[in-house]
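Single-letter residue listing:
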Amino acid sequence: MAILHTPKVFVGQVENTPVLALRGGVRYVNASALRKVIDDLLARKAGDTVILDLRQLSSIDSTGLGLLAHVGRTTLRRGRMAVIVCSSPDLLLCLRSVAFDTMFMVLDRWPEATEPVLQETSLENEDPSTDFLGRSVLAAHRDLAELSDQNRRSFADVITALEAELQANRHSSMH
């Protein structure tokens, strides 16, 4: 059986631009905790763009992609375009296949002369319940589906299944 390791998450800034660096593998089990880190980062610098440093990210599932889509969509609503820095050809292909290049500026190397000063942030779930995790995974997939018609079609069944599972869990907890 595979052991899922918690990803390493770092937050910082470079020249007043917030930076979120993800290292290791991002999986659905970290969705609610990572969403909290992302929402805190977006709230802190509401008018700025955000740089997502994925240079040391080894893997990411569709829930993780949905969380990144949340960053891109929020930043675009504020009139900015977020930046993704990723040097892995496989990961770049994955990002482009889900239309990230339509809402992010995607770069294959660090855009600044200096590296950001980053501090590791703990990924601890405040509410580890199945229902809370399910809602976090559903929200991430909805964000991902909103990026393109292709994504909407690709993730429609996943979203329907997650909605049904959450509804069934609510129904069974009432009885």
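Residues numbered from 1 in each chain as written. Predicted model: local features only at pLDDT ≥ 70, side-chain atom pairs only at ≥ 80, totals over all residues. Heavy atoms only, no water.

1. Let's talk about the packing of aromatic side chains
For the structure on display, the rule yields 1 aromatic pair. Above the face of the Phe10 ring, Arg23 is positioned so that its terminal group lies 4.1 Å from the ring centre. (Phe/Tyr/Trp six-rings, centres within 6.5 Å; stacked < 30°, edge-to-face > 60°. Lys NZ or Arg CZ within 6 Å of the ring centre and 35° of its normal.)

2. So, the nonpolar core
Core analysis: the largest hydrophobic core is formed by 45 residues, its most contacted members being Leu20, Leu22, Leu52, Leu54 and Phe100. The residues contacting Phe100, other than those within four sequence positions of it, are Leu65, Leu68, Ala69, Ile84, Leu95, Val106, Leu144 and Leu147. (Core = buried A, V, L, I, M, F, W, Y, C linked by side-chain atoms within 4.5 Å. Buried < 20%, exposed > 50% of the residue type's maximum accessible area, 1.4 Å probe, protein only. Contact = heavy atoms within 4.5 Å.)

3. Concerning the sheet that holds strand β3 (residues 51-60)
Strand order in the open sheet made by the 6 strands is β5-β4-β3-β2-β1-β6, with mixed pairing throughout. If you trace the sheet from one side to the other, it starts and ends with β5 (104-107) and β6 (117-121), each paired once. If you compare each strand with its neighbour and ignore which way they point, the axes differ by 25° on average. Pairing between strand β2 (residues 17-26) and β3: 7 bridges, direction parallel. Bridge pairing in β3 links Val26 to Ile60. Sitting on the sheet, helix α2 (residues 62-77) is in contact with β2, β3, β4 (82-85) and β5, with an inclination near 170° to β3. In the packing of helix α3 (residues 89-97) onto the sheet, the strands contacted are β3, β4 and β5, and the crossing angle to β3 comes to about 110°. (Pairing = 2+ DSSP bridges. Helix = DSSP H or I, 4+ residues; strand = E, 2+ residues; numbered from the N terminus. Axes fitted to C-alpha atoms, helices over the stretch in contact; angles between N-to-C directions.)

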